[in-house]
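# Tertiary structure, described
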Amino acid sequence: MSAPVITVDGPSASGKGTIARNVARALGFHCLDSGALYRLVALASLHARVPADDEERLGVLACELSARFAGESIFLEDHEVTKELATEACGSRASEVAKLPKVREALLARQRAFRRAPGLVADGRDMGSVVFPDAALKVFLTASAAVRAERRYNQLKQKGIDATLPSLFRELEARDARDAARAVSPLVPAPDAVQLDSSDLTIDEVVSRILGWWRERADGVRA
Ligand code: C5P
C-alpha cells in the first residue's frame, strides 16, 4: 500500500508552507514544498535567459532540473538559492512558467517521488486535485488578501528581503488571479477538500485542527 498523503493547497502566503512543515514534523512525515520546484524552474530560466513563454525549452529545463533539498536549504546545481527563491520576483516568474503544461508535466513524477513511508505532507496549488488525488486528507487553506500580504511582508523581512506592503498586496492579487485563471491545474479546491480560513487563527491552531482531522480519519479507518 502507498504511503499516506496529506495535501495542503491554497493561495500565495496563506501559510501553507509553515503549516505543512509543522504537521509533517508532528507526524514524522516527509514534506514536499511543490512551489519551490516551480520557483526553481523560474530561477533556472532566468539564469539561462529562457523567455517565460518558451514552453519547449522550459519543459526541458524542468525535466533536467538539478535541485537538492537539505533541511530548509535549497540548491540549484551546487549553489544555495534559498534566499533568491523567496523573492516576489521569483514567485511571479514561477506563476508564469507554472501555466505551461510541459512544465507541469515534467514536474509531476518528481513531486510524486516524495511519497515515501511513513507518509507525506505536500503543499501547493494542485496537490489534492492533480498530483495526489488519492490523498487521505485534503486541506484547502485560505486567508484574506490583506492578512496574506502582511504575513508575506513579515516573512520577507525576517529573511532580510526588501518589500513594501502595498506592492506585495498587488503582486499577491495578480499572482492569485493568474493561478486561478490558468487552463491547466488552476487553483481550485479539490471537491473532497476541507476548507479552512486561517485569517483569525494562529499557526498552532491551524496545525492542531489538521492533526485533529487526521486523527479522526485514522480512527475511522481503524473502526
Ligand atoms: O507556493 P509558492 O508561492 O512558492 O508558489 C510559487 C508559484 O508556483 C505559484 O504562484 C504557482 O503559480 C506555482 N505553483 C503551482 N502549483 C503548485 C505550487 C506552486 O502552480 N503545486
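Residues numbered from 1 in each chain as written. Predicted model: local features only at pLDDT ≥ 70, side-chain atom pairs only at ≥ 80, totals over all residues. Heavy atoms only, no water.

Let us look at unusual backbone geometry. Here the residue pair A117 and P118 is connected by a cis peptide bond, since its omega of 5° sits within 30 degrees of zero. Note that P118 resides in the loop between helix 6 (101-112) and strand 6 (120-124). At R49, a residue that is not glycine, the phi angle is positive and equals roughly 55°. Inspection of the secondary structure puts R49 in the loop between helix 2 (34-47) and helix 3 (55-64). (Helix = DSSP H or I, 4+ residues; strand = E, 2+ residues; numbered from the N terminus.)

Attention now moves to the state of the cysteines. Disulfides are covalent bonds that connect the sulfur atoms of two cysteines. Tallied over the entire structure, the rule returns 0 disulfides. No disulfide involves C63; its sulfur sits 19 Å from the nearest other cysteine sulfur, which is in C90. Counting only cysteine sulfurs, C31 is the nearest neighbor of C90, a cysteine outside any disulfide, at a range of 19 Å. (Disulfide = S-S within 2.5 Å.)

Residues in close proximity to the ligand total 16 residues, the closest being R39, R104, D126, R175 and D179. Between an oxygen atom of the ligand and a side-chain N or O atom of R39, the distance comes to 2.6 Å. In the environment of the ligand, an oxygen atom lies 2.9 Å from a nitrogen or oxygen atom belonging to the side chain of R182. Within the complex, 96% of the 450 Å² of free accessible area of the ligand lies under protein. For the shell around the ligand, the elements supplying multiple residues, two or more each, are helix 2, helix 5 (88-97) and helix 9 (165-181). Looking at the shell around the ligand, the element that brings in the most residues is helix 2, giving 4 residues. (Near = heavy atom within 4 Å. Polar contact = N/O pair within 3.5 Å; in protein donor to acceptor, adjacent residues only side chain to side chain. Areas by Shrake-Rupley, 256 points an atom, 1.4 Å probe, with all protein chains shown as cover.)

On to the sheet that holds strand 7 (residues 137-142), then. Two pairing modes exist for strands in a sheet, parallel and antiparallel, and in both the strands are linked by backbone hydrogen bonds. Strand order in the open sheet made by the 5 strands is 2-6-1-7-8, with parallel pairing throughout. Every other strand in the sheet has two partners, leaving strand 2 (30-33) and strand 8 (194-197) as the edge strands with one partner each. Ignoring strand direction, the axes of neighbouring strands in this sheet form an average angle of 20°. Here 5 bridges tie strand 1 (residues 5-9) to strand 6, and the two strands are oriented parallel to one another. Note that in strand 6 the partner of V8 across the bridge is D123. Running at roughly 160° to strand 7, helix 10 (residues 203-222) makes contact with strand 1, strand 7 and strand 8 of the sheet. (Pairing = 2+ DSSP bridges. Axes fitted to C-alpha atoms, helices over the stretch in contact; angles between N-to-C directions. Contact = heavy atoms within 4.5 Å.)

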